[in-house]
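So you can see what is in the structure, the chains are spelled out below.
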Amino acid sequence: MALDQLSWQGRSFRRMRQSPWARELSRTTRLSVEQFIQPLFAVEGIAGREAIPGLTGTYRDTPDSLLRQIEQDLEAGVRKFLLFGVPGSKKAHGFDFSFTAAQISAIKKRFGQDLFLAVDVCLCSSTDHGQCGILNPEGDHVQNAATVKELARAALEYARAGADCVAPSDMMDGRVRAIRDAVDGAGLERTLLMSYSAKFHSRFYGPFRVAADSAPKGQGSQLKDRATYQIDPGRPKDALLSSLRDAEEGADILMVKPGMPYLDVLQDLSREIPLPWAVYEVSGEFAGVELMAEKGLVNREAAHVEAWTALARAGASMIISYGSRFARDWLERVSS
Ligand code: PBG
């Protein structure tokens, strides 16, 4: 019978909601620790690991504490990671990516194929001004070609060090093709490329910029934010076109970022482009739930699980979340 011929009036929908067993069986969006990616921060030149305001359980790690943390994460069932390297010396150009590369080598030497290591590729933790690329002499513009060249050099160094996946988050034009060419040219055609293809100019990145030491520091006429390269929140078609382009340039995985404020984009784009979709539940989204929980306003675990469910329902097969290392525990504890 056609849907519009059925009369739904008077029908009980509550019968299927009455027990956890019926609810579990009728659910079509299910979460599992397998789909989570945990961000990691490796910071050069700090004496001990440092907590990050708002991001409970995530640290700015030293090379040693990072390996210990990953060991614990593997025990908690987390096998996928996204590494952010934060070098000690900041520059305007001529960057040194060796600190991050050394962390990749150390992680792969210790854990090998027991884990999947994606590495963020951007310049914002390396630049003295905090922008994601190389500035013109006046400091009011990010130069695309010069930046892409450095990004490809970074990605190649990370792939050579053993990264399973390189993930450009800078939003320059043409970086996906440049990175794919550089990595393939070195015989590393098995390295995955995850593009932050639909990355919006968001205010929800606040806690991250403390963690990655990457807030824009521009003064006067210099560039003060990332509006000239990240996508405008009111322009979803830009996200679609950028994602189509990155798919064509060779991205294996596309991404929407942030997550909850952009569920419509995630749903539309993941239906439109049949590649694997990641979503990044960014620092401000995660911290928002943590702060509400601290004030006793929400049940912490249940609120996180509900947010993750929304991200999966909208079309993401993988979720990058600061709560990944708690996912197995929280998913088990939040009752059906
Ligand atoms: C940097 C980068 C950012 C994030 C990941 N890579 C922030 C930014 O654009 O400033 C955000 C992650 C988060 O907020 O959790 N290119």
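Everything discussed here concerns the structure shown above.
Reference entry: report on the structure contained in this document. (Residues numbered from 1 in each chain as written. Predicted model: local features only at pLDDT ≥ 70, side-chain atom pairs only at ≥ 80, totals over all residues. Heavy atoms only, no water.)

Scanning the protein chain from terminus to terminus reveals 11 helices and 12 strands. A compact globule built from 336 residues should have a C-alpha radius of gyration of about 20 Å, and the protein chain, at 21 Å, falls within 12% of that. Once the C-alpha set of the protein chain is aligned to its principal axes, its extents read approximately 70 × 45 × 40 Å. Here the protein chain holds 336 residues, and the buried ones make up 52% of them. Looking at the protein chain alone, contacts between residues at least 24 apart form 76% of all its contacts between residues at least 6 apart. For the protein chain, the exposed area adds up to about 15900 Å²; of that, 50% sits on carbon and sulfur atoms. Between the averaged position of the 41 positive side-chain charges in the protein chain and that of its 43 negative side-chain charges there is a distance of 4 Å. (Helix = DSSP H or I, 4+ residues; strand = E, 2+ residues; numbered from the N terminus. Rg over C-alpha atoms; globule rule 2.2 N^0.38 Å. Buried < 20%, exposed > 50% of the residue type's maximum accessible area, 1.4 Å probe, protein only. Contact = heavy atoms within 4.5 Å. Areas by Shrake-Rupley, 256 points an atom, 1.4 Å probe, with all protein chains shown as cover. Lys, Arg positive; Asp, Glu negative; His and termini not counted. Charge placed at Lys NZ, Arg CZ, Asp CG, Glu CD.)

Within the structure shown, the criterion is met by 0 disulfides. Cys 165 takes part in no disulfide bond, and the closest cysteine sulfur, belonging to Cys 122, lies 15 Å away. (Disulfide = S-S within 2.5 Å.)

For the rest of this paragraph, the subject is the pattern of salt bridges. On inspection of all chains with the given rule, the structure shows 18 salt bridges. Residue Glu 71 is joined to Arg 110 by a salt bridge in which the shortest nitrogen-to-oxygen separation is 2.6 Å. In this pair, Glu 71 sits in helix α2 (residues 63-75) while Arg 110 sits in helix α3 (residues 98-111), placing the two residues 39 residues apart along the sequence. Judged by relative accessible area, Arg 110 falls into the partly exposed class, the value being 44%. The salt bridge involving Glu 301 is made with Arg 333; its shortest N-O contact spans 2.9 Å. One end of the pair, Glu 301, is in helix α10 (residues 300-313); the other, Arg 333, is in helix α11 (residues 327-333), and 32 residues separate them in sequence. (Salt bridge = Lys/Arg side-chain N within 4 Å of Asp/Glu carboxyl O.)

In the vicinity of the ligand lie 18 residues, with Arg 209, Gln 230, Lys 257, Ser 283 and Tyr 322 positioned nearest. Between the ligand and the protein, one listed contact pairs an oxygen atom with a side-chain N or O atom of Lys 199 at 2.9 Å. Here the ligand, which alone exposes 400 Å², has 100% of that area covered by the protein. For the shell around the ligand, a count of residues per class yields 10 nonpolar, 3 polar and 5 charged. (Near = heavy atom within 4 Å. Polar contact = N/O pair within 3.5 Å; in protein donor to acceptor, adjacent residues only side chain to side chain. Nonpolar A, V, L, I, M, F, W, Y, C, P; charged D, E, K, R; others polar.)

Attention now goes to the packing of helix α7 (residues 236-249) against helix α8 (residues 263-272). Axes are the key here: two packed helices are described by the angle between their axes and the distance separating the axes. At their nearest, the axes of α7 and α8 sit 10 Å apart, and the two run at 35 degrees to each other. In the packing of α7 onto α8, the handedness of the crossing is right-handed. Contacts from Pro 236, Ala 239, Leu 240 and Ser 243 of α7 reach α8 at Val 265, Leu 269 and Glu 272. By residue class, the composition of the contact of α7 with α8 is 5 nonpolar, 1 polar and 1 charged. (Axes fitted to C-alpha atoms, helices over the stretch in contact; angles between N-to-C directions. Left-handed = near helix turned anticlockwise from the far one by under 90°.)

Attention now goes to the nonpolar core. It is characteristic of soluble globular proteins that their nonpolar side chains tend to be buried jointly. Judged by nonpolar contacts, the single largest core of 95 residues is most densely connected at Ile 70, Leu 82, Leu 83, Ile 107, Tyr 158, Met 194 and Tyr 280. Among the elements that make up this core, the one with the highest residue count is helix α4 (residues 144-161) (8 residues). Once you skip the residues sitting within four places of it in the chain, Tyr 280 turns out to touch Pro 39, Leu 82, Phe 84, Tyr 196, Met 255, Val 256, Lys 257, Pro 258, Gly 259, Glu 285, Ile 320 and Tyr 322. (Core = buried A, V, L, I, M, F, W, Y, C linked by side-chain atoms within 4.5 Å.)

Before going further, it helps to examine the environment of Ala 42. Here Ala 42 shows up in strand β1 (residues 36-43). Taking relative accessible area as the criterion, Ala 42 reaches 0% and is therefore assigned buried. Those residues in contact with Ala 42 that sit more than four places away from it in its chain are Asp 61, Leu 66, Leu 83, Phe 84, Gly 85, Val 86, Phe 99 and Gln 103.

The next thing to look at is the packing of aromatic side chains. The final tally for this structure, using the stated rule, is 14 aromatic pairs. For the ring pair Tyr 196 and Tyr 280, a centre distance of 6.2 Å and an interplane angle of 40 degrees mean the geometry is tilted. With Tyr 196 in strand β9 (residues 192-199) and Tyr 280 in strand β11 (residues 277-280), the pair connects residues that are 84 residues apart, well separated along the chain. The exposure class of Tyr 280 is buried, given its relative accessible area of 1%. Judged by centre distance (4.9 Å) and plane angle (15 degrees), the ring pair of Phe 326 and Trp 330 falls under stacked. For Phe 326, a relative accessible area of 22% gives the class partly exposed. (Phe/Tyr/Trp six-rings, centres within 6.5 Å; stacked < 30°, edge-to-face > 60°.)

Position of Glu 249 among the secondary structure elements: in helix α7. Residue Glu 249 is classed as buried on the basis of its relative accessible area, which comes to 12%. At a separation of 3.0 Å, a polar atom in the side chain of Glu 249 contacts the main-chain amide nitrogen of Arg 177. Setting aside its immediate chain neighbours within four residues, Glu 249 contacts Gly 174, Arg 175, Val 176, Arg 177 and Arg 180.

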